[in-house]
Every structure is written in structure tokens, then in C-alpha cells.
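# Coordinate analysis (summary)
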Amino acid sequence: DQQVKQNSPSLSVQEGRISILNCDYTNSMFDYFLWYKKYPAEGPTFLISISSIKDKNEDGRFTVFLNKSAKHLSLHIVPSQPGDSAVYFCAANGNQFYFGTGTSLTVIP
Amino acid sequence: DTEVTQTPKHLVMGMTNKKSLKCEQHMGHRAMYWYKQKAKKPPELMFVYSYEKLSINESVPSRFSPECPNSSLLNLHLHALQPEDSALYLCASSQLRSGIGTDTQYFGPGTRLTVL
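Residues numbered from 1 in each chain as written. Chains lettered and ligands numbered in written order. Predicted model: local features only at pLDDT ≥ 70, side-chain atom pairs only at ≥ 80, totals over all residues. Heavy atoms only, no water.

## Considerations on the packing of aromatic side chains
Between two aromatic rings, the relevant description is the distance of the centres plus the angle of the planes. Residues and elements named next belong to chain A. The final tally for this structure, using the stated rule, is 15 aromatic pairs over all chains. Ring plane angle 65 degrees and centroid distance 5.9 Å describe the contact between Y36 and F46, whose orientation is recorded as edge-to-face. One end of the pair, Y36, is in strand 4 (residues 32-38); the other, F46, is in strand 5 (residues 45-51), with 10 residues separating them in the sequence. For Y36, a relative accessible area of 0% puts it in the buried group. The exposure class assigned to F46 is partly exposed, which follows from its relative accessible area of 24%. Here the aromatic rings of Y36 and F97 are separated by 6.2 Å at their centres, their planes lie at 65 degrees, and the arrangement is edge-to-face. (Phe/Tyr/Trp six-rings, centres within 6.5 Å; stacked < 30°, edge-to-face > 60°. Helix = DSSP H or I, 4+ residues; strand = E, 2+ residues; numbered from the N terminus. Buried < 20%, exposed > 50% of the residue type's maximum accessible area, 1.4 Å probe, protein only.)

## Digging into the pairing of strand 9 (residues 87-94) of chain B
Residues and elements named next belong to chain B. With eight of eight residues buried, strand 9 lies mostly within the body of the structure. Strand direction decides the pairing type here: strand 9 and strand 11 (residues 111-115), joined by three bridges, are antiparallel. Residue pairing in the sheet places L88 in a bridge with R112 of strand 11. (Pairing = 2+ DSSP bridges.)

## With respect to unusual backbone geometry
The residue after V78 of chain A, namely P79 of chain A, is reached through a cis peptide bond having omega -10 degrees. With an omega dihedral of -10 degrees, the bond running from T7 of chain B to P8 of chain B counts as a cis peptide bond. Checked against the element boundaries, P8 of chain B lands in the loop between strand 1 (4-7) and strand 2 (10-13). Despite not being glycine, K40 of chain B has its phi angle at roughly 65 degrees, a positive value. With respect to the element layout, K40 of chain B can be found in the loop between strand 4 (31-37) and strand 5 (44-50).

## What about the sheet that holds strand 6 (residues 56-59) of chain A?
Backbone-to-backbone hydrogen bonds pair the strands of a sheet. The strands run either parallel or antiparallel. Residues and elements named next belong to chain A. Across the sheet, five strands lie side by side as 1-3-8-7-6; this open sheet has antiparallel pairing. Where the open sheet ends on each side, the last strands, each with one partner, are strand 1 (4-5) and strand 6. The sheet contact formed by strand 6 and strand 7 (residues 62-67) spans four bridges and is antiparallel. Paired with E58 across the strands is T63, a residue of strand 7.

## Some words on the state of the cysteines
For the structure shown, the criterion picks out two disulfides over all chains. Through a disulfide, C23 of chain A is tied to C90 of chain A; the S-S separation comes to 1.9 Å. One disulfide, between C23 of chain A and C90 of chain A, carries an S-S torsion of 65 degrees and so falls in the right-handed class. Of this pair, C23 of chain A sits in strand 3 (residues 19-25) while C90 of chain A is found in strand 9 (residues 86-93), placing the two residues 67 residues apart along the sequence. Note on accessibility: C23 of chain A and C90 of chain A belong to one class, buried. One disulfide bridge connects C23 of chain B with C91 of chain B, the sulfur atoms lying 1.8 Å from each other. The sign of the -70 degrees torsion about the S-S bond sets the C23 of chain B-C91 of chain B disulfide as left-handed. Residue C23 of chain B is found in strand 3 (residues 18-25), and its partner C91 of chain B is found in strand 9; the two are separated by 68 residues along the sequence. A relative accessible area of 0% places C91 of chain B in the buried class. (Disulfide = S-S within 2.5 Å.)

Encoded structure:
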């Protein structure tokens, strides 16, 4: 049973525009959420996190939004750059990590 | 510094071989993890060590044997693997400041394992 879902397997965005990656979860007990970026054959790199007591966290070009009532979080990348092209995983922390299925982002120059 | 190192980077082994994967972190983290990742899939948790003790074993076959010699090192011993075990094996660590539930995990680059 997939407790964290990313329903868009891929996303293409023009350089300079906004990329919005979405993530849904089912377990209301999750209280800490993270986004990771992954290049092929490399380990995931931690990008940004958010605690359930917040609804927004910002770090440079990356902003994560959390809507607890909808059990939904999103990652906004503004402006998108070609180097952002990678697979993005959201993860939720309960008694262990639960990863989403990933969204492959392609930023077109 | 959020570096987790893994060796080797690539490993090819036969089904009768015995090999080990190594992971090291010097961030003072007290939890270390092994994950397996197949192409186009999310990482799957295999084992968790907290304070050098095995705390989670996600029903992994006994041909995978983890070992935590000290708080900085984590090994994964491999024996009699099958071709379907070919995958990227990822190690991660986290601070365990207030329980696994609010930890950020930092991942190593992974070992690409091929079983012939």
C-alpha cells in the first residue's frame, strides 16, 4: 500500500518558468515531510523539509507548501533551471521513511 | 558537512560469491539505513540501525546480512545472491535527535550491484 503518492511520473517546464511538483499522502500521523532530488545512478540529495506545524517553508528557489487538511504537499521551483532536471521524490516521516514514486522533471533550455 | 560515503561504487558478483558493501559517515549521526532501489522506483527500506543496534528489518532475505561495527560504519554482507537482487544499494544516516519520526536522512551515492 503506497502511503505517499506522486501522481505525475513526469513534468516538462521551460527554463525560467515555475515547476510545481505534487505529492499526496494517506496517513494523517505523518508529521515531517521532505523533498529529495535524484540524478541517475546517484543517491538522493536532500532539498527541503517541512514540519506539520507549518504550511510553508522556503529555501532560495525552492518552496514547499503543506496542506494538512488535504494531505497534500507541493514543491515549487522558481525560476526553473536546466540543472534542476532530475527525479524528485517526496518522503514522509512516521516511524520510518515513506517515499513517493518520484516525478521526473525536465527543464527545457 | 552532510557526506555519506559508500564503497565500492560498482560491484559485479556471481551467485556463489561473498562480498560486502561499506558505508561511512562522520556526522555523528546515530541512525544508519540500508535501502535498495530499482530503476524508476522509490528506494525500499531494508534495515535500520539506531545506536548501533538493529531496530528495523523489513523482512529482507537472509542472503543480505547487515553489520554495524561502530556508530560511523555500516556494512552489508552479501552471499548467494540472485540476479533479481541487482539494484542500486543506498546507505543513509540521520541524527536521531528526537526519534526517527522527525529526522532528515542523508544519502550516500550508492553501490550499483550486478549479480550474474
